[in-house]
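Analysis of the macromolecular model
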Number of protein chains: 2
Amino acid sequence: MLTSERYGVRRLPFSSLSDSDLAFFEGVMPGRVITNPEELKPFNVDWLKSVRGCSKLMLKPQTTAEVSQVLRYCYERNLAVNPQGGNTGLVGGSVPVFDEIILSTVLMNRIISFDKVSGILVCQAGCVLEKLNEYLEEQGFIMPLDLGAKGSCHIGGNVATNAGGLRLLRYGSLRGTVLGLEVVLADGSALDCLASLRKDNTGYDLKQLFIGSEGTLGVITAVSILCPQKPKAVNLAFLGCQSFAKVLETFTTCRAMLGEILSAYEFMDEKCMELVEKHLKLSSPVAAFYDGMTGWVDEGRAVDIVYLDFSKAFDPVSNNILTGDGNLHLNITAESYSHSLLDAIEPFVYEWTARHNGSISAEHGLGFKKKQFIQYSKPSEAVLLMQRFKAMLDPKGILNPYKMLPSSS
Amino acid sequence: MLTSERYGVRRLPFSSLSDSDLAFFEGVMPGRVITNPEELKPFNVDWLKSVRGCSKLMLKPQTTAEVSQVLRYCYERNLAVNPQGGNTGLVGGSVPVFDEIILSTVLMNRIISFDKVSGILVCQAGCVLEKLNEYLEEQGFIMPLDLGAKGSCHIGGNVATNAGGLRLLRYGSLRGTVLGLEVVLADGSALDCLASLRKDNTGYDLKQLFIGSEGTLGVITAVSILCPQKPKAVNLAFLGCQSFAKVLETFTTCRAMLGEILSAYEFMDEKCMELVEKHLKLSSPVAAFYDGMTGWVDEGRAVDIVYLDFSKAFDPVSNNILTGDGNLHLNITAESYSHSLLDAIEPFVYEWTARHNGSISAEHGLGFKKKQFIQYSKPSEAVLLMQRFKAMLDPKGILNPYKMLPSSS
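My aim in this report is to walk through the structure given alongside it, one point at a time. (Residues numbered from 1 in each chain as written. Chains lettered and ligands numbered in written order. Predicted model: local features only at pLDDT ≥ 70, side-chain atom pairs only at ≥ 80, totals over all residues. Heavy atoms only, no water.)

1. Looking at the pattern of salt bridges
The cut-off we apply is this: We define a salt bridge as a side-chain nitrogen of Lys or Arg found within 4 Å of a carboxyl oxygen belonging to Asp or Glu. To sort residues, take the accessible area from a 1.4 Å probe on protein chains only and compare it with the maximum for the residue type: under 20% means buried, over 50% means exposed, and anything in between is partly exposed. Comment: elements are numbered from the N terminus, with helices defined as DSSP H or I runs of at least four residues and strands as E runs of at least two.
Evaluation of the coordinates by the stated rule reveals 26 salt bridges over all chains. Ionic pairing is found between A:Lys390 and A:Asp394, a salt bridge with its closest N-O pair at 2.8 Å. According to the relative accessible area criterion, A:Lys390 is buried, its value standing at 16%. By relative accessible area, which is 2% here, A:Asp394 ends up buried. Between B:Arg167 and B:Asp146 there is a salt bridge, and its shortest N-O distance comes to 3.8 Å. Of this pair, B:Arg167 sits in the loop between helix H5 (155-160) and helix H6 (168-171) while B:Asp146 sits in the loop between helix H4 (129-137) and H5, placing them 21 residues apart in sequence. Here B:Arg167 and B:Asp146 have matching classes, each one buried. Look at the salt bridges and you will find they share partners, linking A:Asp146, A:Lys150 and A:Arg167 into a network.

2. Here's the deal with the sheet that holds strand E2 (residues 58-59) of chain A
Residue and element names in this part refer to chain A. To be explicit about the condition: Two strands qualify as a pair provided DSSP detects at least 2 bridges between them. Should any heavy atoms of two residues lie within 4.5 Å, those residues are considered in contact. The axes used here are C-alpha line fits, helices contributing only the stretch in contact, and every angle between their N-to-C directions lies in the interval 0 to 180 degrees.
Strand order in this open sheet of four strands is E1-E2-E4-E3, and the pairing throughout is mixed. Strands with a single pairing partner mark the edges of an open sheet, and in this sheet they are strand E1 (33-34) and strand E3 (81-84). Relative to strand E4 (residues 101-104), E2 runs parallel, the two being bridged by two bridges. Paired with Leu-59 across the bridge in E4 is Leu-103. On top of the sheet, helix H3 (residues 64-77) reaches E2, E3 and E4; it is set at about 160° to E4, its chief contact.

3. Details of the relation of the copies chain B and chain A
As a reminder of what qualifies: Least-squares fitting of one copy onto the other uses the C-alpha atoms of those residues that reach a pLDDT of at least 70 in both copies.
Its rotation angle being 180°, the transformation that places chain B on chain A also includes 0.0 Å of axial translation and leaves an RMSD of 0.0 Å. Considering both components of the superposition, the chain copies are consistent with a two-fold axis. Closest approach to the rotation axis within chain B is made by the C-alpha atom of B:Gly176, at a distance of 2.4 Å. Looking at the interface residues of chain B, 100% of them are also at the interface in chain A, so both copies use one shared face.

4. Considering the packing of helix H1 (residues 19-28) of chain B against helix H3 (residues 64-77) of chain B
Residue and element names in this part refer to chain B. Quick note on the threshold: Small angles under 35 degrees read as roughly parallel and large ones over 145 as roughly antiparallel, with 65 to 115 read as roughly perpendicular and the rest as oblique. Two helices crossing with the near one rotated counterclockwise from the far one by less than a right angle form a left-handed crossing, whereas a clockwise rotation gives a right-handed crossing. Nonpolar residues are Ala, Val, Leu, Ile, Met, Phe, Trp, Tyr, Cys and Pro. Charged residues are Asp, Glu, Lys and Arg, and all others, Gly as well, are polar.
At a closest axis distance of 10 Å, the pairing of H1 and H3 adopts a crossing angle of 165°. As judged from the angle between their axes, H1 and H3 are roughly antiparallel. Where H1 crosses over H3, the two elements pack in a sense that is right-handed. Contacts between H1 and H3 involve Ser-20, Asp-21, Phe-24, Phe-25 and Val-28 from the first element and Glu-66, Gln-69, Val-70, Tyr-73, Cys-74 and Arg-77 from the second. Classifying every residue of the contact of H1 with H3 by side-chain character gives six nonpolar, two polar and three charged.

In short, shape yes, function no, at least from these values alone.
What follows is the structure, encoded as structure tokens:
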């Protein structure tokens, strides 16, 4: 389990909780102030059980006004806050690092409106993705995103992490489908950008700054999102290709034939197929290209199994990793978790990625675990500018501290 | 013709050009420093010939480094700069208000790369939209946007104004299709966010702040954009509907049948059809709903012709204007241009729009003409935050002054 010591992080000089703080919160939301250590446990640990904090307080607001009251108070008192949705993140962004107050959106789960002509849904941030999808399906629509954690993740968390997922190729990213946001800033002021317009060019698009900001700039309290109609049919083809070049050629052909209704395009190499057969007892319906991993083990690294060999998913002409949305999940297994193994692998992967102009976090954000690695994907001027935005919007740094950006000093 | 006096704007205390300034610029880009008043004329007036400035200098950089040098110098000298693309804007954002230096992207028209598998184009900001489209068509692709001004407008200007246009319904907005930007900030520092990745969640998405910022936060020098394959066929249907309710119903049906390959959905009412017949000598192939304008002339306003009656394009159930992308162009003609006519119409239209949660500028931005009206579509907290971003990124306010945001004092 990772802890704050893992990256040598020290607790910043935030205030510690007092009895009068608890009394204040209890006054704001009676019965929704959690201090029982047993009850707090699952919210202090991330889904992978890789990062653990020691928060002594979780708050469960139901309204934007309550979130405002909480943040205004915390800002004045200099209390650190960890906004939390479904706590399904993979980079330690959704749990406290030390004793930050957990501000949960779990009770902010109200659907505000849905318009069947435009397909625009407006809802509170704590709505569970799958529940929203079920609600929409009854009316012939679907959410524009889908991902493995859909049964637990909150739409607010999806937006805060700019979640990609399975439908991105067809419906685009949340930067296009999210039409409006309501956000409470660090000082408790509410920002209403909850428009439901497909086109709006009046001033800077402030909501974009909060999409993917991982709770460090504000707490998203409501979302307006454009939802597509449910497809009348879903067709899946499993094809065998002789080479990675053929994988790309087939992709181009599919897109030419299907246009924007192509939902996804995934590929697995031979090693991956072998593992699927071995562990899931599923046999491949085709025999073709899958010539497996090479470079990694050849280089003598302490890796037992590499599910995906990304050197095979790399197109030397375009200098890009390219299958569907160009996103690659690298899963590495070992006998047991080991710091030294991770320390051997991470720099290698990040350097390789940076060398090919890739992103070290295509989907999951930076959170706590990857915040020190941002420079692999962003130039220092960009990181400096991000830090200036953070300082402007959250001058005391109370929102999701120790996350996403390297310390500015 | 509108001038700076129109809205009582006063020249801010920027420096005036000196001979040594001209010598400096001539040193940076010999032969590309324009001071001939005749040559400058068309660049001082907007396309509608509604706004005129009196710049005495236009610079034509070819590279990002030159733009950097110019802005660094202007920032130090406190010289105001008007970034200009194809000068096709409709809100007076692309021309100087007083004597700002015109920084033209006209010679920054190089295509940097195009990848046929991913469809990702990287080019300089001054590439003309139509030229890019022609280049792509040769390779079986198209630009994800198309608009009337395509023969003149620059891709940098398209991004700076977040241009919507004819293909938005199918390919989405530039906020989704623009994958990366290179921007030079007010102080001359270059910000390289020119990634070509469909998914990248490493830090705040800085490029979004520059999309639609109308040259007030930085000068866009290069663009990375995702381009779709050219459709194999284009089919157009002209349908007659008995009522606006039927227009919406037909839209829903079309989308259900066609999914994301539906490119556009437009509607015209009876009055509009009459005008097309009268002025363009084109007769309607169908006879159906088009019951024309009512409210406006009934209210006794001094309007000769209203091309579109937006009360008919309004859905009382969803409280939204809804046809295709929900964008409506209101064209009003009169015997001659008149301030008093404009003053009578604008507040009425903006108040009506605000009452129905619409945007007073769906596509064209705010520029010079609409900057005082932003409060109709954005709450004051949002405008204040925008002003703080502007002050942070351009503390001297040299970039496209007098535009987009109301003065902060």
